[in-house]
Amino acid sequence: MTIEREGKFFVDHDLKRRLSIGMDSRKLSVCVAEAIRRRAYGVFGNPEYHFKETNLDFLKDLPRIQKIWFFDINLKNVDGIYPLKQLKEFGVHPKRPPIKFELLPTLEFAEWQYKDGDSGMATLKSLKDLGLAHYNPKSASFEGLELPLNLVELGIAWVNPRTLAGLPKLIHLKKLVIGRCRNLETLKDLPIIAPSLQRLEIESCGRLADVEQVIRRLPKLRKAFLDEKVLLDLPERPATAVRHRVAH
């Protein structure tokens, strides 16, 4: 996010120039009214920008909002999310009650800082882009983690499994980013999990020893990066072909 001040409000414009309005607890109703007046795409909140609410009940007045982004917050109630029937982009972290993702079927992108009790992620058929962080079960395994099967992009960071075993087969996955997974020792399961992978980025996973061997077993891979090293750099496939495959 690139947050700036416009008049009395904090705002963000994403790469598509869609507007998000910052929620300021000192004048919350005024911020809500501004989001309605300007037909904002999204809303966000952070203590640095004076958001100090412990719930998201004010979202009931913003039923058409398509993006929510609340970070470095401490929420005690998240029920205000569920009436958002057009919600496409989700980010609420780190301190919050568990989320019932099955009640958010329109999501297309989520930044998911995992919390015990979260449910329904695998039901999100429209979700194409997911960032997963802080998944650290006692088993140190992905066994039992449920993900949507239609993912096109997946980011994994700060998780503790030693291998990728347990992840579902993601036949539509084109891009995978893995960062700061310090226990991860092997990618040997990746060709089975992501047979259509085209781009792989690895950063700060010091125990990985077989990246170069595994990328040879990924027939559709075009780009591969390991920290500062370029392992593979082939021409991108035509965009129209990629869009056709994603659509199916």
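This report concerns the structure included in the present document. Everything quoted here is computed from the prediction, not taken from an experiment.

What follows concerns the overall build of the protein chain. A count of helices and strands for the protein chain gives four helices and 13 strands. Relative to all contacts within the protein chain whose residues are 6 or more apart in sequence, the contacts with residues 24 or more apart total 33%. For the protein chain, the accessible surface area stands at approximately 12800 Å², while carbon and sulfur atoms represent 50% of it.

Attention now moves to the packing of aromatic side chains. For any pair of aromatic rings, the description rests on two quantities: the centre-to-centre distance and the angle between the ring planes. Evaluation of the coordinates by the stated rule reveals 11 aromatic pairs. A ring pair is formed by Phe-51 and Phe-58, whose centres lie 6.0 Å apart and whose planes are at 70°; its orientation type is edge-to-face. This pair shows no difference in class: Phe-51 is buried, exactly as Phe-58 is. By the ring-pair criterion, three or more aromatic residues cluster together here, those being Phe-90, Phe-101, Trp-112, Tyr-114, Tyr-135 and Phe-142. Over the ring of Tyr-41 we find Arg-18; its NZ or CZ atom is 4.2 Å from the centre of that ring. The side chain of Lys-27 reaches across the aromatic face of Phe-9, ending 5.2 Å from its centre.

Moving on, we get to the pattern of salt bridges. Per the stated rule, a full pass over the model turns up 12 salt bridges. In this structure, the salt-bridge partner of Arg-26 is Asp-24, at a minimum N-O distance of 2.8 Å. On the accessibility criterion, Asp-24 (2% relative accessible area) is buried. A salt bridge links Arg-96 to Asp-118; the shortest N-O distance between them is 2.9 Å.

This part is about the pairing of strand β4 (residues 42-45). Of the two faces of β4, both are covered, the one formed by Gly-42 and Phe-44 as well as the one formed by Val-43 and Gly-45. Note that strand β3 (residues 19-22) and β4 share three bridges and pair parallel. Paired with Gly-22 across the strands is Phe-44, a residue of β4. The β-α-β motif built from β3, the intervening helix α1 (residues 28-37) and the parallel element β4 has right-handed crossover chirality.

Tracing the backbone shows Asp-189 in the loop between β10 (175-179) and α2 (190-193). Apart from the residues lying within four places of it in its own chain, the contact partners of Asp-189 are Thr-163, Leu-164 and Ala-165.

By size, the foremost hydrophobic cluster in this structure holds 71 residues, and its most contacted members are Met-23, Ile-68, Phe-70, Ile-81, Phe-90, Leu-187 and Leu-190. Looking at this core, the element that brings in the most residues is α1, giving four residues. Those residues within four positions of Ile-68 in sequence are excluded, and the remaining contacts are Val-43, Leu-59, Ile-81, Leu-84, Leu-87, Glu-89, Phe-90, Gly-91 and Val-92. Counting residues in hydrophobic clusters, the runner-up holds five residues, among them Phe-44, Tyr-49, Trp-69 and Phe-71.

Let's shift gears to unusual backbone geometry. Note that the residue after His-93, namely Pro-94, is joined by a cis bond; omega there is 0°. With respect to the helices and strands, the residue Pro-94 is situated in strand β6 (residues 89-95). Even without being a glycine, Asp-72 presents a positive backbone phi close to 60°. Mapped onto the elements of the fold, Asp-72 is located in strand β5 (residues 67-74). Judged by relative accessible area, which is 52%, Asp-72 ranks as exposed.

The rules behind these values
- Residues numbered from 1 in each chain as written.
- Predicted model: local features only at pLDDT ≥ 70, side-chain atom pairs only at ≥ 80, totals over all residues.
- Heavy atoms only, no water.
- Helix = DSSP H or I, 4+ residues; strand = E, 2+ residues; numbered from the N terminus.
- Contact = heavy atoms within 4.5 Å.
- Areas by Shrake-Rupley, 256 points an atom, 1.4 Å probe, with all protein chains shown as cover.
- Phe/Tyr/Trp six-rings, centres within 6.5 Å; stacked < 30°, edge-to-face > 60°.
- Buried < 20%, exposed > 50% of the residue type's maximum accessible area, 1.4 Å probe, protein only.
- Lys NZ or Arg CZ within 6 Å of the ring centre and 35° of its normal.
- Salt bridge = Lys/Arg side-chain N within 4 Å of Asp/Glu carboxyl O.
- Pairing = 2+ DSSP bridges.
- Right-handed = clockwise from strand over helix to strand, strands pointing away.
- Core = buried A, V, L, I, M, F, W, Y, C linked by side-chain atoms within 4.5 Å.

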